[in-house]
Amino acid sequence: MENQMTDNTAWEELRISNDFIFGKIMQDPELCKGLLQRILPDLKIDHIEYPETQKAIRPDIDAKSVRLDVYVEDGRGTVYDIEMQVATSKELPKRTRYYQSLLDMQMIDKGEPYKKLKPSYIIFICPFDQFGMGRHIYTFENTCREDNSIFLKDGTTKISLNAKGTMDDVSPELKAFLDYVAGKNPADPFVDELEEAVKNARKNREWRHEYMTLLMRDQENKEIGREEGKAEGIITIGLDFGLSEDELLSRLQDKLEIPYETAQEYLERFGKQTV
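Just so you know, these numbers come straight off a predicted model, no measurement behind them.

## Let's talk about the overall build of the protein chain
- When helices and strands are tallied, the protein chain shows 8 helices and 6 strands.
- Reading the secondary structure of the protein chain in the N-to-C direction produces α-α-β-β-β-α-β-β-β-α-α-α-α-α.
- Looking at the 275 residues of the protein chain, the share that counts as buried comes to 41%.
- Expressed as a percentage of contacts within the protein chain between residues at least 6 apart in sequence, the contacts between residues at least 24 apart total 62%.
- Split by element, the accessible area of the protein chain, about 16100 Å² in all, is 49% carbon and sulfur.

Written as C-alpha cells, this is what we have:
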C-alpha cells in the first residue's frame, strides 16, 4: 500500500474496497486462499503460509519504501502481493514494476543464485478500468515482441482486476467478487463470507483505533506536504526577486505562521535547490 489512506468514510461504513479493511480480513488464510483461487483458477493452491498484511519493505535508507496490502506465499513456493487500489493513477504500471523489484530483493541475498527467486504474482484489484477495454482481468507476462509465442519465463505475472468490466471474460465466481468490490450484493457464498468478515472487522475496536491513527497520520503528512510546497514557492519567488536571507525567513514565518527554526530549515533545504 504505497498509496496513503485516502478513504475518509466513517469506520462503520467501510467496505471491502477499503485497503485497510481488505488487508485485515485477508489475515484469514481460508478467505485469502479462496480469493486467490478465484483469480487464478488454474493454480492448485494447497494452503496459505504466514499471511502478512501491510508488509513494509524498505530496501535502503534512500530508496522509496512501500507497504503491501497482502503479502502471502502458498505451499508451492509462489509469492503473491494483492493490492486493493481505489484511486486511479497513471503510475500504476510503474508501481507494479517497482513492487516486483522489491519482492525480488526480499527473496535472495547477496551472493545467492538467481534460481532462488520464487514465482510471483502482483495483483491489483481496482473499481475502475485502468486500460479502458472493458475487461474484468488484464494479465501481463514478459513475451517476445517479434514472436509472442515465446515467453521469457522469468516467473513474474502482473494482474489488474477491473470491478467495472463489461466483458464476459471471467468465471461467475470471480465476477461475483468483483461485483462485490464495485458495491453490489451478488448472491454468492464466498461473497457472503467476505461480507460477514467485513462486518466483524468493523466491530473490532483495536482495528478501529489503528485505522483512525493511520488516518490522522496521513492527514498530518498531507498538511506537512502542503506547507512544504508553499515554503518552496515562497523561497523560489523570493530568490527570483533578490530577497535577502533575513527577508525570506521573515516572509516564511509570516505567511506560514511557523517558528524561526522551521523557516530556517525550509530555507536551507529549498534554497539550495533553487540556486
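## Quick look at helix H7 (residues 245–256)
- In this model, H7 (12 residues) spans 16 Å end to end at C-alpha, consistent with the 16 Å of a helix rising 1.5 Å per residue.
- Of the positions making up H7, those classed as buried are Leu 248, Leu 249, Leu 252 and Leu 256. All buried residues of H7 project into a common sector of 100° when viewed along the axis, lining one side. When the buried face of H7 is taken as reference, the exposed residues oriented beyond 90 degrees from it are Asp 246 and Asp 254.
- Looking at the residues trailing H7, positive phi occurs at Glu 257, about 55°.

## Looking at the pairing of strand E6 (residues 156–162)
- Among the 7 residues that make up E6, 7 are buried, leaving the element largely enclosed by the rest of the structure.
- A two-sided burial pattern is seen for E6, the buried positions comprising Thr 156, Lys 158, Ser 160 and Asn 162 on one face and Thr 157, Ile 159 and Leu 161 on the other.
- As paired elements, strand E4 (residues 120–126) and E6 share 7 bridges and run parallel to each other. Among the inter-strand pairings, Phe 124 is bridged to a residue of E6, identified as Ser 160.
- In this sheet, E6 lies alongside strand E5 (residues 137–140) in antiparallel orientation, the contact comprising 4 bridges. Note that in E6 the partner of Phe 140 across the bridge is Lys 158.

## Overview of the nonpolar core
- In terms of nonpolar packing, the biggest core is built from 45 residues, with Phe 22, Ile 25, Met 26, Leu 36, Ile 123, Ile 125 and Leu 161 touching the most fellow members.
- Each residue touching Ile 123, except ones within four places of it in the same chain, is listed here: Leu 36, Ile 39, Leu 40, Asp 81, Ile 82, Glu 83, Ile 159 and Leu 161.

## Structural notes on the side chain of Lys 24
- Here Lys 24 is to be found in helix H1 (residues 19–25).
- On the basis of relative accessible area, Lys 24 is assigned to the buried category, the value being 10%.
- Not counting chain neighbours up to four residues away, the residues in contact with Lys 24 comprise Trp 207 and Glu 210.

## Quick look at a nonpolar patch on the surface
- Together, Phe 131, Met 133 and Phe 140 line one region of the surface with nonpolar side chains, adding up to about 300 Å² of accessible area.
- Considering the arrangement of structural elements, one finds Met 133 in the loop between E4 and E5.

## Thoughts on the side chain of Asn 162
- Assignment of secondary structure puts Asn 162 in strand E6.
- At 3.4 Å, the side chain of Asn 162 forms a polar contact with the backbone nitrogen of Asp 129.
- What Asn 162 contacts, discounting residues up to four positions off in sequence, is Cys 126, Phe 128, Asp 129, Gly 134, Arg 135, His 136, Tyr 138 and Leu 178.

## A closer look at the packing of aromatic side chains
- As enumerated under the stated definition, the model contains 8 aromatic pairs in all.
- An angle of 55° between the planes, with centres 4.9 Å apart, marks the rings of Phe 131 and Tyr 138 as tilted.
- The exposure class assigned to Phe 131 is partly exposed, which follows from its relative accessible area of 35%.
- Relative to Phe 140, the ring of Phe 131 has its centre 5.2 Å away and its plane inclined at 50°; by these criteria the two rings are tilted.

## A few points about a negative patch on the surface
- A cluster of acidic side chains, namely Asp 28, Glu 30, Asp 192 and Glu 193, defines a negative patch on the protein surface.
- In this structure, Glu 30 sits in helix H2 (residues 29–39).
- Given the relative accessible area of 57%, Glu 30 is considered exposed.

## Considerations on the packing of H2 against helix H5 (residues 189–202)
- It is at 11 Å that the axes of H2 and H5 come closest, and there the two elements cross at 140°. Our classification of the angle between H2 and H5 gives oblique. For H2 against H5, the interelement crossing comes out left-handed. Residues Leu 31, Gly 34, Leu 35 and Arg 38 of H2 form the contact with H5, whose own contacting residues are Phe 190, Glu 193, Leu 194 and Ala 197.
- By residue class, the composition of the contact of H2 with H5 is 5 nonpolar, 1 polar and 2 charged.

Calculation rules
Residues numbered from 1 in each chain as written. Predicted model: local features only at pLDDT ≥ 70, side-chain atom pairs only at ≥ 80, totals over all residues. Heavy atoms only, no water. Helix = DSSP H or I, 4+ residues; strand = E, 2+ residues; numbered from the N terminus. Buried < 20%, exposed > 50% of the residue type's maximum accessible area, 1.4 Å probe, protein only. Contact = heavy atoms within 4.5 Å. Areas by Shrake-Rupley, 256 points an atom, 1.4 Å probe, with all protein chains shown as cover. Expected span 1.5 Å × (residues − 1). Arc of directions from axis to C-beta. Pairing = 2+ DSSP bridges. Core = buried A, V, L, I, M, F, W, Y, C linked by side-chain atoms within 4.5 Å. Patch = residues over 30% accessible without salt bridge, like charges linked within 9 Å, V, L, I, M, F, W, Y side chains within 5 Å. Salt bridge = Lys/Arg side-chain N within 4 Å of Asp/Glu carboxyl O. Polar contact = N/O pair within 3.5 Å; in protein donor to acceptor, adjacent residues only side chain to side chain. Phe/Tyr/Trp six-rings, centres within 6.5 Å; stacked < 30°, edge-to-face > 60°. Lys, Arg positive; Asp, Glu negative; His and termini not counted. Charge placed at Lys NZ, Arg CZ, Asp CG, Glu CD. Axes fitted to C-alpha atoms, helices over the stretch in contact; angles between N-to-C directions. Parallel < 35°, antiparallel > 145°, perpendicular 65-115°, else oblique. Left-handed = near helix turned anticlockwise from the far one by under 90°. Nonpolar A, V, L, I, M, F, W, Y, C, P; charged D, E, K, R; others polar.

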